[in-house]
Every structure is written in C-alpha cells, then in structure tokens.
Amino acid sequence: MEACNVVEREVDKILLKFGVVNEHAETVLQDLINHVESLKKEFAEEIVILLVIVKKKEKRSRRFQFLQNQYESPSNHELTPGQIQILKETMKKICETVHRLTTEHRELHGSVSKVGKAIDRNFTADFASTSREDVFSGPEKSHLLNQVICQHFYRHGMLDIAAELAAEAGIKTDEGTKEPFTELNYILDCLKQRNLEPALDWAKKHREALLAQNSSLEFKLHRLHFIRLIQQGPSKQTEAITYARQNLTQYVERHGKEVQALMGTLLYLPNGIQSSPYSHLLDPTLWLDIHDVFTREACTLFGLSVDSPLSVCINAGCTALPTLLNIKQVMQQRQVNTVWNGKDELPIEIDLGKEGRYHSVFACPILRQQSTENNPPMKLVCGHVISRDALNKLTNANKLKCPYCPVEQNPEDARLIYF
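Here goes a summary of the coordinates provided. Everything quoted here is computed from the prediction, not taken from an experiment. Throughout this document, residue positions are counted from 1 along each chain, in the order its sequence is written. The predicted nature of this model means local features are confined to residues of pLDDT at least 70 and side-chain atom pairs, given and counted, to a pLDDT of 80 or more, with totals for whole chains, interfaces and linings taken over all residues. As a convention, hydrogens and water are excluded, and side-chain values are obtained from all of the structure's heavy atoms.

## Comments concerning a nonpolar patch on the surface
A contiguous nonpolar surface patch, about 250 Å² in accessible area, is contributed by Ile366, Leu394 and Tyr404. The helix count covers DSSP runs of H or I at least four residues long, the strand count covers runs of E at least two residues long, and both are numbered beginning at the N terminus. Here Ile366 shows up in the loop between α14 (338–341) and β1 (377–379). Like-charged residues within 9 Å of one another, or nonpolar side chains (Val, Leu, Ile, Met, Phe, Trp, Tyr) within 5 Å, are grouped into patches, provided each residue has over 30% relative accessible area and no salt bridge. Calculation of accessible area relied on Shrake-Rupley with a 1.4 Å probe; when residues are assessed, cover is drawn exclusively from the protein chains displayed. Basic side-chain nitrogens of Lys or Arg form a salt bridge, by our definition, when they fall within 4 Å of a carboxyl oxygen of Asp or Glu.

## So, the environment of Cys382
Residue position: Cys382 is located in the loop between β1 and β2 (385–387). The classification of residues rests on relative accessible area computed with a 1.4 Å probe and restricted to protein chains. Under 20% of the type maximum is buried, over 50% is exposed, and intermediate values are partly exposed. A residue is classified by how much of its surface remains accessible, and Cys382, at 27% relative accessible area, is partly exposed. Sequence spacing of Cys382 and Glu408 is 26 residues, and the spatial spacing of their C-alpha atoms is 9.0 Å. Apart from the residues within four sequence positions on either side, Cys382 is in contact with Cys402, Cys405, Val407 and Gln409. For this analysis, residues touch if any pair of their heavy atoms sits within 4.5 Å.

## A word on the packing of helix α4 (residues 139–155) against helix α13 (residues 309–333)
Their axes nearest at 8 Å, the elements α4 and α13 cross at an angle of 110°. Taken together, the axes of α4 and α13 lie roughly perpendicular to each other. Contact residues: Val148, Ile149, Gln151, His152 and Arg155 in α4; Pro309, Leu310 and Ser311 in α13. Axis definition: a line fit to C-alpha positions, over the contact stretch in the case of helices; interaxial angles, taken between N-to-C directions, run 0 to 180 degrees. Orientation is classified from the angle alone, with under 35 degrees giving roughly parallel, over 145 giving roughly antiparallel, 65 to 115 giving roughly perpendicular, and any other angle giving oblique.

## Let's talk about the sheet that holds β1
Note on pairing: two strands pair once DSSP finds at least 2 bridges between them. Read from one edge to the other, the open sheet built from three strands follows the order β2-β1-β5, with strand pairing classed as antiparallel. Of all the strands in the sheet, just β2 and β5 (415–416) have a single pairing partner and so form its edges. Pairing of β1 with β5, which is carried by two bridges, proceeds in the antiparallel orientation. Considered in β5, the bridge of Lys379 is made with Arg415.

## Looking at the packing of aromatic side chains
Here the aromatic set is Phe, Tyr and Trp, taking the six-membered ring for Trp, and pairing holds for ring centres within 6.5 Å; pairs whose planes are under 30 degrees apart are stacked, those over 60 apart are edge-to-face, and all others are tilted. Counted under the stated rule, the structure contains four aromatic pairs. Judged by centre distance (5.0 Å) and plane angle (70°), the rings of Trp202 and Phe294 are edge-to-face. Placement of Trp202 in helix α7 (residues 197–205) and of Phe294 in helix α12 (residues 285–301) is noted, with a sequence separation of 92 residues between them. The buried category is assigned to Trp202, whose relative accessible area is 1%. Through a chain of ring-to-ring contacts, three or more aromatic side chains come together here, namely Trp202, Phe294 and Phe302.

## Points about the pattern of salt bridges
All told, the structure shown has four salt bridges when counted by the stated rule. The shortest N-O distance in the salt bridge between Arg207 and Glu218 comes to 2.5 Å. Here Glu218 lies in helix α9 (residues 217–230) and Arg207 lies in helix α8 (residues 207–212), a separation of 11 residues in the sequence. Given the relative accessible area of 31%, Arg207 is considered partly exposed. One salt bridge connects Lys236 with Glu239, and the closest N-O pair in it is separated by 3.2 Å. Relative accessible area serves as the criterion here: at 25%, Lys236 is assigned to the partly exposed category.

## Here we look at the side chain of Thr265
Note that Thr265 resides in the loop between α11 (256–264) and α12. A residue is classified by how much of its surface remains accessible, and Thr265, at 0% relative accessible area, is buried. What Thr265 contacts, discounting residues up to four positions off in sequence, is Phe226, Ile230, Ile273, Tyr278 and Leu281.

## Thoughts on a positive patch on the surface
Together, Lys17, Lys114, Lys117 and Arg121 give the surface a local cluster of positive charge. For the positive patch, the element with the highest residue contribution is helix α3 (residues 81–122), accounting for three residues. Within the fold, Lys17 resides in helix α1 (residues 2–57). Relative accessible area serves as the criterion here: at 38%, Lys17 is assigned to the partly exposed category. Just so you know, the count uses Lys and Arg for positive and Asp and Glu for negative, and it drops His and the chain ends. Here the site of a charge means atom NZ of a Lys, CZ of an Arg, CG of an Asp or CD of a Glu.

Structure follows, in structure tokens:
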C-alpha cells in the first residue's frame, strides 16, 4: 500500500504541474490574441479615417480610388514605419512567449520520468517468488478453487458467468445454492434505486429469525419509508400518520426514541423538515447504511460471511505482499530460503486488521503468547484467565497462586475456555 501511495504522490505532483502550465499557457496565449486583435482593429480604424479625410479633399481623385482599393484589399496596404515597428515588437513578444512555453513544457518531461522511476523502485515484478507452486496443484485443489470463484460470481449476481464456469469446470450446483444470492442481489439493486418494497417483504418473511439475532433491519426500512413520505410535504401528512400507526407502533418498546423523533417531524412539516431539529433524518447516508445493514443481516441469517471469501483472500494477499517481498529478499541475502519452503505457514506474522479477524484471539498475559489448540486459555477459580503453559509453570506442589490476586487454588480446578 505504501508503494501505491508513493507513486500516487508523484502522479499528483505531475498533474499539479500540468494544471499550472496549462492555466498559464491559456492566459498568456489569450493575452497575445487580444493584443493582435486590438492592433488589427487600430489599423482598420486608421485606414477608415484616412479614407474619410481623402474623400473630403479629393472626392473623385485617383488617390481616393487607390486608398479605397487598399482598404478593400488590406493585404496590399503599405504599412507606415510606425505600424511596422509595432508589428515587429508584437512578433518579438510572440516568439519569446512561444519559446518560454516550450521550455516549460520541456521541463515537464523530467517530472514525468520520475513517475516511471517511482514505479520501478516501489514495485517488484517477481511476485512469483512469494508463492508456492504446489499450493493449487492437483485436481482436488483446482476443483476447490473453481468452487470458490464460482461462489464469488453467484454472490455478486453474475449468474451467467458462474453457470458457464460451473459447466466448464464440472462443478455441480443445485438451484438451492443460486436462489439466495439471486434474491439478495435483486433486493440490493432495488435498495440502490431507493425501492424499499422487496426488502420489506423479505424482512417480514424472515421476521422471527431476524428478531432472534436482535436485528433492527425491518424498523430501519419502515423508518426510511416514513421519512420518504414526510419529504413530500404536508400533502402526505395523513398518509405518513396512517403508515406510522400501522408499522411503527410495534417498535415503540425497542426503538422508543427513534419513533419519537419520527413523530416530531410532523410538527415541522408545514415549514419544511430541512430547517428543523430533525434535518439529520434527511441525510442521504441513511440509504447507504440500509444497504450495508441488509447485506450484513442477510448474510448472518444464511450463515455466510459479509464479504466473499475470494475477495477476503485477495485483499489479504495484497496487504501481505509488500511484507512478503521484503522478507523474501532478506532470506535470499542470508541464504535461508529453505525456511520458507519447509513449512506450511509464513515465516512472519501478517496483521490484517480487525476486519480480517473472524474469531476471538487470546494472548496469555503472563507468557505474552497467543493461545493455540495445544496451549488453550484456562480460567482460574478467581476468574482470571491465563494459558495452559503459564498454568503449568506457575504450579508448585499441586498449588497455584494467581499472578493477579493472592488467591491460592488447586490447578486442577482450572477450566478450559472456548472463545
């Protein structure tokens, strides 16, 4: 990620310079165009004045006819010494300006080349050195990989692509696997278009299961529907009140304050909700929030992760790749490459953040080690929790004194904890 940020900063510098040069060039060139146009206008006015003077003195003379022809055909007009001097100065100014703009543009090439150097410096093309060829080798592993990719397409509503992949890879999928994803993607598309009806029907159909997991999805859908009614002004006041009586009264116990706020909007309906204390209810982010809430609640109901497993793996790989490239380079320099290939785990720990943690993690406060299946967390009689290895090391003659409180106890009374 840091490599991308470095390159992005270089690109931003280039774009800023291009913007400055472009703005300066437009201003300078426009000034030159205006100056030339003004000179042209002045020369034309001088000719007209001269024609008028000559016309009065020599109305039908040959001189008038000659000047009139010159005015009608300015290309043959002989310039005065003063006009010639003005044109020379103008041409000199134009040449200097063009030369200066060309120099500024030429200087940009050096800055553009820095972007390529930043890419070469921060990105390594040899990504294959961080992977193992035998990870996906074999028909069984390839079949599992195709299943994961196929499920990813189903989750994102790409049914045609998933069906084609399943047919070519020989993956058998029943309609029961496709149906939940088809319905969920249809509802999500409707929510993006601010159509709440499919989501409300789905929430009513799964009301008991949603209540069992303490979900507030159905209330938030009804709230958005009520807000959409009051946004239409006093003409929808009666309809909004009727809708609230039919659908919001059942949530007074669980969402009392939110329901009160919705009813309070009716007082400000004649003057507009935008200038009322409840203007936050019109925030467009509520529609983005309902999209995320529906995705999370539906996936929990069907026992699925919110994000596609394939997306999670790719994001984890992108996060870990820079660290893996660095450690691989260090291992090659120290000639310890066998450490990597000799085990089924990475030689370093990769922190994927809170979003990449799917189970509770316990670290022993005594040994500072993360618990494992062979070293699980143990709850003492006093309530404190330590690892099994710490328990064994602190035990003396079948007696254990808690390291956090003075309670003495029998180590056999400690109980295994499952997170």
